[in-house]
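Chains, contacts and geometry: an overview
If you want the building blocks of each chain, they are given just below.
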Amino acid sequence: MVWKRTISAKALEKAKFASVKVDDKVIFIANVNGTLYGMDAVCSHARCILGLLDEQKLTVKCPCHHAVFDLKTGAMLEPPYVAPDAPKEKLGLKTYQVRDNGGWVEVDI
Ligand code: FES
């Protein structure tokens, strides 16, 4: 395990979610009712940065073509909205363990 410090826990609690750079990765972190989540922030379709959190469904929608990812597992639940004849392959994203360590959000990469 390699825990990396990102942003303050208070900042994430207030913002609900953020995309943070950790080494060579961009990771989407979220605080939903006190539970912390983390997964790759770069969409598996065309590499847009994710950013539309649904706290009720625990999903994240890509703003570019609206692929939807499961915040807990990283699975792609809905494919990108593109041309009707485009391939509908569902490529998931890697998830990460996230913790609050003394007021700092840390990600295990
Ligand atoms: S880049 Fe995310 S759905 Fe296309």
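It should be emphasised that the depicted structure is a prediction, and the values quoted were computed from it without experimental measurement.

**Observations regarding the overall build of the protein chain**
Across its full length, the protein chain carries one helix and 10 strands. At 14 Å, the protein chain has a C-alpha radius of gyration in line with the 13 Å of a compact globule built from 109 residues. Considering only C-alpha atoms, the protein chain reaches an extent of 50 × 30 × 20 Å along its principal axes. Looking at the 109 residues of the protein chain, the share that counts as buried comes to 26%. Summarising the internal contacts of the protein chain: among those between residues at least 6 apart in sequence, 38% fall at separations of at least 24.

**Some details on the sheet that holds strand S9 (residues 95-101)**
If you trace the six strands from one edge of the open sheet to the other, you get S1-S10-S9-S4-S3-S2, paired in antiparallel fashion. Of all strands in the sheet, those with a lone pairing partner are strand S1 (3-8) and strand S2 (17-22), marking the two edges. Averaged over all neighbouring strand pairs, the angle between strand axes comes to 30°, with direction disregarded. Alignment of S1 against strand S10 (residues 104-108), held across four bridges, turns out to be antiparallel. Across the sheet, the residue bridging to tryptophan 3 is aspartate 108, located in S10.

**Some remarks on the sheet that holds strand S6 (residues 59-61)**
Spatial ordering of the open sheet is given by S5-S6-S7-S8, a layout of four strands whose pairing is antiparallel. Of all strands in the sheet, those bounded by a partner on one side alone are strand S5 (52-54) and strand S8 (76-78). Neighbour-to-neighbour, the strand axes of the sheet open up by a mean angle of 30°, direction not taken into account.

**Observations regarding unusual backbone geometry**
In most cases, non-glycine residues show a negative phi, while peptide bonds are predominantly trans. Notably, leucine 58 is not glycine yet its phi reads approximately 55°, a positive angle. Considering the arrangement of structural elements, one finds leucine 58 in the loop between S5 and S6. For histidine 66, which is not a glycine, the phi torsion comes out positive at approximately 65°. Residue position: histidine 66 is located in the loop between S6 and strand S7 (68-70).

**Description of the pairing of strand S4 (residues 35-40)**
Sheet topology note: the strand S3 (residues 25-32)/S4 ladder contains six bridges and is antiparallel. Across the sheet, the residue bridging to isoleucine 29 is glycine 38, located in S4. Counting the residues between successive antiparallel strands, the hairpin from S3 to S4 contains two residues, one of them, asparagine 33, with a positive phi of roughly 50°. Pairing between S4 and S9: two bridges, direction antiparallel. Paired with methionine 39 across the strands is threonine 95, a residue of S9.

Rules of the game
- Residues numbered from 1 in each chain as written.
- Predicted model: local features only at pLDDT ≥ 70, side-chain atom pairs only at ≥ 80, totals over all residues.
- Helix = DSSP H or I, 4+ residues; strand = E, 2+ residues; numbered from the N terminus.
- Rg over C-alpha atoms; globule rule 2.2 N^0.38 Å.
- Buried ≥ 20, exposed ≤ 12 C-beta atoms within 10 Å, placed from the backbone.
- Contact = placed C-beta atoms within 7 Å.
- Pairing = 2+ DSSP bridges.
- Axes fitted to C-alpha atoms, helices over the stretch in contact; angles between N-to-C directions.

No statement about biological role is implied by the geometric values presented.
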